Each structure stands twice: as structure tokens, then as C-alpha cells.
Amino acid sequence: MKLRTTCNRDCPDTCSIIATVENGEVVRLAGDRDHPVTRGALCYRTSQFLDTQRSPERLTRPLLRKHGELTPVGWDEAMGFAAEQLERIKRESGPAAIFHYRSGGSLGILKLLTERFFEAYGPCTAKRGDICSGAGDAAQLLDFGVEDANDLFDLLNSRHVLLWGKNVHVSSPHTLPVLMDARRKGAKLVLIDPVRHRTADSCERYVQPRPGGDFALAMATAHVLFQRGWVDPRAAQYCDHLGDFEAMARSKSVEQWASEADVEPEVAHDLARRLGPEKPCAILVGWGMQRRSAGSATVRALDALSAISGNLDVPGGGVSFYLARRMAFETYRTGEGPRTVCEITFAHDLEKAADPPIRAVWITCGNPVTMLPDSYAVARALSSRELVVVVDSFLTDTAKLATLVLPTTTLLEADDILGAYGHHYLGVSRPVVAPPPEVKSDLEIIQLLAARVGLAEVMAGTAREWKERVIAPKLGPRGITLEQLETGYVRNPLAPKVLFHDLKFPTATGRVNLVHVPPQPEAEPTAQWPLKLMALSTEKSQSSQWVRTPTGPLEVTVHPDAAGGLSDGVRARLESKLGALEVVVRHDARQRRDVALMPKGGHLGRGQCANALTAARVTDAGEGAALYEELVRLRSLEP
Ligand SMILES: Nc1nc2c(c(=O)[nH]1)N[C@H]1C(S)=C(S)[C@@H](COP(=O)(O)OP(=O)(O)OC[C@H]3O[C@@H](n4cnc5c(=O)[nH]c(N)nc54)[C@H](O)[C@@H]3O)O[C@H]1N2
Ligand SMILES: Nc1nc2c(c(=O)[nH]1)N[C@H]1C(S)=C(S)[C@@H](COP(=O)(O)OP(=O)(O)OC[C@H]3O[C@@H](n4cnc5c(=O)[nH]c(N)nc54)[C@H](O)[C@@H]3O)O[C@H]1N2
Ligand code: SF4
Ligand SMILES: [Mo]
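All figures in this text were calculated on a predicted structure; none of them were measured in a lab.

Turning to the domain arrangement of the chain, a few remarks are in order. One can read the domain layout of the chain as domain 1 (63-128 + 326-487), domain 2 (134-324) and domain 3 (531-636). In this complex, domain 1 contributes 15 residues to the contact, which on the side of domain 3 involves 22 residues. Surface buried jointly by domain 1 and domain 3 totals about 1400 Å² across both partners, of which 63% is contributed by carbon and sulfur atoms. If you sort the residues of domain 1 by the area they bury against domain 3, Ile344, Met371 and Pro373 come out on top, with a joint share of 36%. Across the contact surface, domain 1 and domain 3 share one salt bridge. Arg128 is paired through a salt bridge with Glu623; the nearest N and O atoms lie 2.7 Å apart. Summed over the shared surface of domain 1 and domain 3, the number is nine residue pairs in polar contact (both at pLDDT 80 or more). Residue assignment for the side of domain 1 that touches domain 3 shows that the elements contributing at least two residues are α15 (368-371) and α16 (375-383). Of all the elements, α15 adds the most residues to the side of domain 1 that touches domain 3, at three residues.

On to unusual backbone geometry. Backbone phi values are negative for most residues with the exception of glycine, while trans is the configuration of most peptide bonds. A cis amide bond links Gly122 to the next residue, Pro123, at an omega of 10 degrees. With respect to the helices, strands and loops of the structure, Pro123 is situated in the loop between α4 (112-121) and β7 (126-128). Positive phi, close to 50 degrees, is recorded for Asn23, a residue that is not glycine. In this fold, Asn23 is placed in the loop between β2 (16-22) and β3 (25-31). The class of Asn23 is exposed, set by a relative accessible area of 83%.

So, about the site of ligand 1. Residues in contact with ligand 1 amount to 28 residues; listed here are only the nearest, Met371, Asp392, Asp442, Ser544 and Tyr628. Backbone polar atom of Gly105 to a nitrogen atom of ligand 1: 3.3 Å apart, as the coordinates give it. One nitrogen or oxygen atom from the side chain of Asp392 is found 2.6 Å from an oxygen atom belonging to ligand 1. With the chains in place, 96% of the 920 Å² that ligand 1 exposes on its own is no longer accessible. Within the shell around ligand 1, the residues separate by chemical class into eight nonpolar, 14 polar and six charged. Of the residues that make up the shell around ligand 1, three or more belong to each of domain 1 (63-128 + 326-487) and domain 3 (531-636).

Neighbouring ligand 2 are 35 residues, the closest being Asn167, Asp193, Asp214, Arg291 and Ser537. In this structure, a nitrogen atom belonging to ligand 2 sits 3.0 Å away from a side-chain N or O atom of Arg45. At 2.8 Å from an oxygen atom of ligand 2 is found a main-chain nitrogen or oxygen belonging to Gly212. Within the complex, 98% of the 890 Å² of free accessible area of ligand 2 lies under protein. At the level of secondary structure, the elements contributing two or more residues to the shell around ligand 2 comprise α6 (168-171), β22 (531-536) and β23 (541-542). Counting contributing residues, the shell around ligand 2 receives three or more from each of domain 2 (134-324) and domain 3 (531-636).

All right, on to the pattern of salt bridges then. In total, this model carries 48 salt bridges according to the counting rule given. Taking the shortest distance from any N to any O, the salt bridge between Asp181 and Arg39 comes out at 3.0 Å. Here Asp181 is found in helix α7 (residues 176-184), whereas its partner Arg39 is found in the loop between β3 and α1 (44-47), with 142 residues between them in sequence. Using a relative accessible area of 36% as the deciding quantity, one classes Arg39 as partly exposed. Between Arg511 and Asp240 there is a salt bridge; the shortest N-O distance is 2.6 Å.

Turning next to the nonpolar core. Across soluble globular proteins, you tend to see nonpolar side chains buried next to one another. Core analysis: the biggest nonpolar cluster contains 62 residues, and Trp164 and Phe245 have the highest contact counts within it. Considering each element in turn, this core owes the most residues, 10 residues, to helix α8 (residues 214-227). In terms of domain composition, this core takes at least three residues from each of domain 1 (63-128 + 326-487) and domain 2 (134-324). Residue contacts for Trp164: discarding those within four places in its chain leaves Ile192, Asp214, Leu217, Ala218, Leu271, Ile283, Leu284, Val285, Gly286, Met289, Leu302 and Leu305. By size, the runner-up hydrophobic cluster in this structure holds 48 residues, among which are Val73, Ile445, Val453 and Ile480.

Once that is clear, we can look at the packing of α8 against helix α10 (residues 242-250). For any two helices packed against each other, the geometry is given by the interaxial angle and the distance between the axes. For the pair α8 and α10, interaxial distance at closest approach is 8 Å and the crossing angle is 110 degrees. The angle between α8 and α10 places the two elements in the roughly perpendicular class. Touching Phe215, Met219, Ala222, His223, Phe226 and Gln227 of α8 are Leu242, Phe245, Glu246, Met248, Ala249 and Arg250, all from α10.

Criteria and thresholds
- Residues numbered from 1 in each chain as written.
- Chains lettered and ligands numbered in written order.
- Predicted model: local features only at pLDDT ≥ 70, side-chain atom pairs only at ≥ 80, totals over all residues.
- Heavy atoms only, no water.
- Domains from an automatic or database assignment.
- Contact = heavy atoms within 4.5 Å.
- Buried area = accessible area lost by both parts, 1.4 Å probe.
- Salt bridge = Lys/Arg side-chain N within 4 Å of Asp/Glu carboxyl O.
- Polar contact = N/O pair within 3.5 Å; in protein donor to acceptor, adjacent residues only side chain to side chain.
- Helix = DSSP H or I, 4+ residues; strand = E, 2+ residues; numbered from the N terminus.
- Buried < 20%, exposed > 50% of the residue type's maximum accessible area, 1.4 Å probe, protein only.
- Near = heavy atom within 4 Å.
- Areas by Shrake-Rupley, 256 points an atom, 1.4 Å probe, with all protein chains shown as cover.
- Nonpolar A, V, L, I, M, F, W, Y, C, P; charged D, E, K, R; others polar.
- Core = buried A, V, L, I, M, F, W, Y, C linked by side-chain atoms within 4.5 Å.
- Axes fitted to C-alpha atoms, helices over the stretch in contact; angles between N-to-C directions.
- Parallel < 35°, antiparallel > 145°, perpendicular 65-115°, else oblique.

This is the structure we're talking about:
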């Protein structure tokens, strides 16, 4: 029997999965051939998911800490304990003493129902900012008043596509075939990324700027656009601050800006030509680039390039960062509670919170100890709370510190509804296999809790009923039913193909808000600390969810000249001001001499976690995380 579901991982592609089920067991996973974006392919990490699904490490019973040890208990005891503790803390300190934290374990829209519960129960303390995309989100909202993008397939109308800090091979593999189709139709692809990776091989041109050099490169490009008269003559009508933007771009010569970006001035001339006389030119803004101190200003500079060169309203143009994946759904969120904790400075905020202090943390879909910066501080902050409840399928670095761990469903058992942040198709997930008997979905768990604290009615409903409810307000009037979403491939009807086709921008003035103040540059390497640590996505895992959890130290890739005399393959210490990790040194002469590259998501308990070395730094706007500028050095293990 073949069953269809939708991948709920934190990934732009939101694939349609075909599961082959025999005797109640999934025996094969494949990409849905008929889905316009999935096109029959799954990424490595999900195609191998059956190993994870069947893993002996899977949590199958609730675990309650007793005498210091996490001990298996029944659901009655587990939920009785959770309700009793939360009620006591709420009674003694008020609901703000309870903090609900959710991250990207599943992007299902029904996951937001846990937030609905904590709003109704309190409102409790909620999270603010965003580890993943905060800086870029803020940039696009500031500039355009909305955050969405042109249709993915509008790339087929492009003459040029700038992949600005984006590794599609790893992070959005289903964009790659669309780019290849565009290339066959004559589009030229350019990759701009300080890290040389496989995506460069799929492009006509590869530019390797200084990490954090993109604002300067964008200004060099803007300078050329002004100098050559390649700015859209209509730009003054639909852009605010055009004069100030021009003055900023012209405040340095093309050569000066290019030198700040550590590229040849010719690069700026080349990019300007593609954006200007050879438009339409699409800019695909990577998510990695905005995880830097000046991340928001950088995305704003790219927004501005697209705007002034007249690429916003034409097919084949646009500046795409994050597609509005929730736009078609009711999300039931009333807004922020009485208090928020910044995700990036999680540990600091948790420990400093007063009146009331944060006494309890409820964690769903996240592994903050591994994935948030300053991991040891996050671990300490959690360990010193009275109550930490973690809902997960595995005993993560975070779950290991919990008071109570509640076992939940995997992506093959999920019952949910999704939008995508890399395309505009909507998807439904349905269990293709039943969960183990003592495992419950997030919805069931929160309903059990709600029933014990007098909120049963607020949360009542089956997953299917909730799906009906979340689509009713916006998709209902368009005549779209849940059955259609389950059986067909429905593109979000609310999303235009060319986002700004009418040059209408929902900003305060109705025009594009051009960035016109340069950001503070990030700290550059020194003789003592010569490398910037970039812990990036790898094919082998989804953040901390590895296909096969590595056992030994992780590899750190550096230019041979930057290895401090350490040869390829040796073990060494990677040090930052915050701590040290044992690693294996890898040489790669194609990389810059100022970066140290490693995979993100290494486990703290296994000594593989880059975030143990990375300080919690907030970006210039949007409270994103500046994750990729921690200064580090390699040292020999010998004393
Ligand atoms: N150094 C460094 N740090 C980074 C990054 C980086 O590039 N470098 N990337 C950042 C980015 S972009 C992000 S988005 C974050 C990701 O941070 P997280 O979202 O915390 O990452 P994951 O490791 O995927 O953790 C998700 C957890 O949810 C669990 N899970 C899966 N499905 C479900 C479900 O249905 N319900 C529940 N309750 N749990 C579920 C998984 O088992 C997993 O333990 O990390 C950030 N951290
Ligand atoms: N296989 C796999 N896929 C994933 C994930 C995963 O863990 N594994 N994570 C998922 C998540 S959480 C997200 S948010 C998305 C996006 O996941 P990301 O990993 O954020 O995806 P990219 O947009 O490719 O951004 C990464 C690229 O940004 C580049 N970059 C970093 N700093 C700079 C800079 O200063 N300038 C420029 N020009 N480039 C820079 C890096 O070198 C890298 O090539 O993908 C998802 N896809
Ligand atoms: S993780 Fe991304 S690429 Fe992989 S199957 Fe899921 S949606 Fe597709
Ligand atoms: Mo992310």
C-alpha cells in the first residue's frame, strides 16, 4: 500500500512523501513524482528516515526524574505531575513564571496549538526573536511591509539568478532542479558565498567574498548602478530614501567597497550589469548570510539592489528570502504574552527574569541546548529551573536535563497541515504508520494537560477538525477544501506569482523603505584569533537530528595555510574565548584563510557542539543570531 504525507521538517522544500507500507510497517520512503516541487526526490536525511523511525533510541514512554534519574512512568502519572507543578507555580508566581519554548522540530501549523494553550492558560512567557531568520524577517518587513516572495517557478523567467549566500545542494535541494531548468532556458547563475561548496559547481560564476562583506559588495554594486545610469527611472516613485541610499553608495568608491568585501571591483560591475541592463535578475537571499551582526542591514542592501534596479515588479526578478508559509492559515495566536524571552539570549534572559522569575519551561519541537548559542549557559539555565518539560522523540542534550520527558510522534506519524518557506504549495501530513502505543502527538499531549487544568474545551478537537478550522477563514472563501489539499497539489491562492507586480508595498508610506545607514561591521579575525567559526547545515543531519549520529570528534575544515601547521587528518583543539572542542583538522585549499568550517548540530554530550564555543550575539535588527562570527583558533593537542 502506498500512502502520501508531507515532510514537516524545518526545510524550505516541504516535500510530498510516498510511503510504502507493508503489514503495518513502512518499508520504503520516496519523493512524490507528481508533486511539482518534490518531483520524485527526497533529500538524504529524509530518504534515510526509516533508520531514525526504527531506532532503538526512540522514546516510547514518558520519563520522570525521580531521585535524580529519568524513570519511565505512565501517562497518568506524567500528566498528573506536569499539571500539578504548573498549577502550583502559576498559583504562587503567576503565569509569567512559565515559559513555553518551541523551535523547528516540525513546521506543522497544528504545532501552534501548544502556543494557543499557553496563551489561554496564562498568558505565559513567550519567545521573542528568531534564531533562524530574525534578521532577514525584520529586513524584509521594514523594506516591503510584507515577507513573501515570487513564485519559485518564476525563476524560469529570469535571465540571471544571484544565489546570494545560499547552498541549495544542502539546504533547499528542490530549488536546484528549478534552477537547472532556468539554466537550460538561458539563465545565468551566480553564487556569492565565502564558503566554496558544491552549489558553486552548478553556477556560471562563483564569488568568494569576506564573510560579512556582503553589505559592502552590495554598495559597490549600487555605486556602479548609479554611475552607469542603470537605476530604474521609476525608482524615485516607489522608493523612499533613494537620495540617501545613493549618497551612502557613493560615499566610497567602487574600489573601496570592493576591497571591504575582499573581491575585485570587476565583480561589482558584473553584478550591476546582470541586475540592470540584463534584467530580469532574481536574487535568492540565503538564510546563512543574515546570521551575522549586520545581517539585517545586509538583507536590506539586497532588497535595495533589487528595488533600484527595477527588478521587483517584473517576472524573473524579485528578492526572495522567506516565503510566507503560514499565510493561508489561521494561526490562533493572540500575540505576545505578558513577557517575552529573547531566543538568542535564552540563558541570560531566563536567569535574569524577575518578578516573577521563570520557574518552569515547557519545550516542544526544539533542542535549545544544542542549537542555541552558548550551549553550556543554556544547559545551566535550564538545569536551575524547578520544572523543565521536554516533548521530543529522542533523548536530546536538552531532554537529558528535563524533569519530565514526553515521547511524541515522528514525521511519519504526524497529523498536520503545512505551508512551505521555499515554494507556495500547501501540504497535509497524515500518519503513514501508527506511533508506538505509549507515544502521543503534541496535540494529544496538550489536550491531556488542558483537561487537567480546566481548559479542555479551548483545545478540543481531533487533528482533522483542527485542520478544517485552520483552513476555513482564508482558504474556505477560495473554495479550497481539506479533501482537495489531501488529494491534490494546491498552490496557495493568496500568493501572487510576482509579489510586487503592482509596485504596491504595505509599508507606512506605500513605498519601499531603502536602507540608508550603514551597519556596524562585525569583528574581524586577529593574529591571536585568526578564524571565524561557521557551523553550517550538512546533508547528514537536520540541525541536531542526524541520520547517523557521529561518534568521534567532528571535522573542521580550514585552508591549509590557516591550519597553524596542523596537518590534514590530525586531531586538534578548536578554541574560542568561550571554550574548546576536540576536532579533526581537514585541509581544503579552496576555502578562504579566515574561516573554520564545521557542521551545525553536533551534540554537546558528545563534545561536538559548535554552540559550546559560540557566544550569544543578537543581530542588528529582528533579534536574530549572529552565529557565524565567533573568532576561534586551532591548537595542537600536545601540550
Ligand atoms: N552554530 C549554529 N547554530 C545553529 C544554526 C547554525 O547554522 N549554526 N542554525 C540555526 C537554525 S537555522 C535553526 S532553525 C535552529 C534549529 O534548532 P532546533 O529547531 O532546536 O533544531 P533541531 O535539532 O532540529 O531540534 C528539533 C527537535 O524537535 C524534535 N521533533 C521533531 N519532530 C517533532 C514533533 O513533531 N514534536 C516535537 N515536540 N518535537 C519534535 C526533534 O527530535 C529535535 O530534537 O538551530 C540554529 N542553531
Ligand atoms: N541538509 C540540511 N538542510 C537544511 C538544514 C539542515 O540542518 N540540514 N537546516 C534547515 C534550516 S533550519 C534552514 S533555516 C534552511 C536554511 O539553511 P541554511 O543552512 O541557513 O541555508 P543557506 O541559505 O544555504 O545558508 C547557508 C549558506 O550561507 C552562507 N553564508 C554564511 N555567511 C555568509 C556571508 O557572510 N555571506 C554570504 N554571501 N554567505 C554566507 C554559508 O556559507 C552557507 O553556504 O535550510 C534547512 N535545510
Ligand atoms: S527535509 Fe526538506 S528536502 Fe528533505 S524531504 Fe523534508 S522537505 Fe524534502
Ligand atoms: Mo533554520
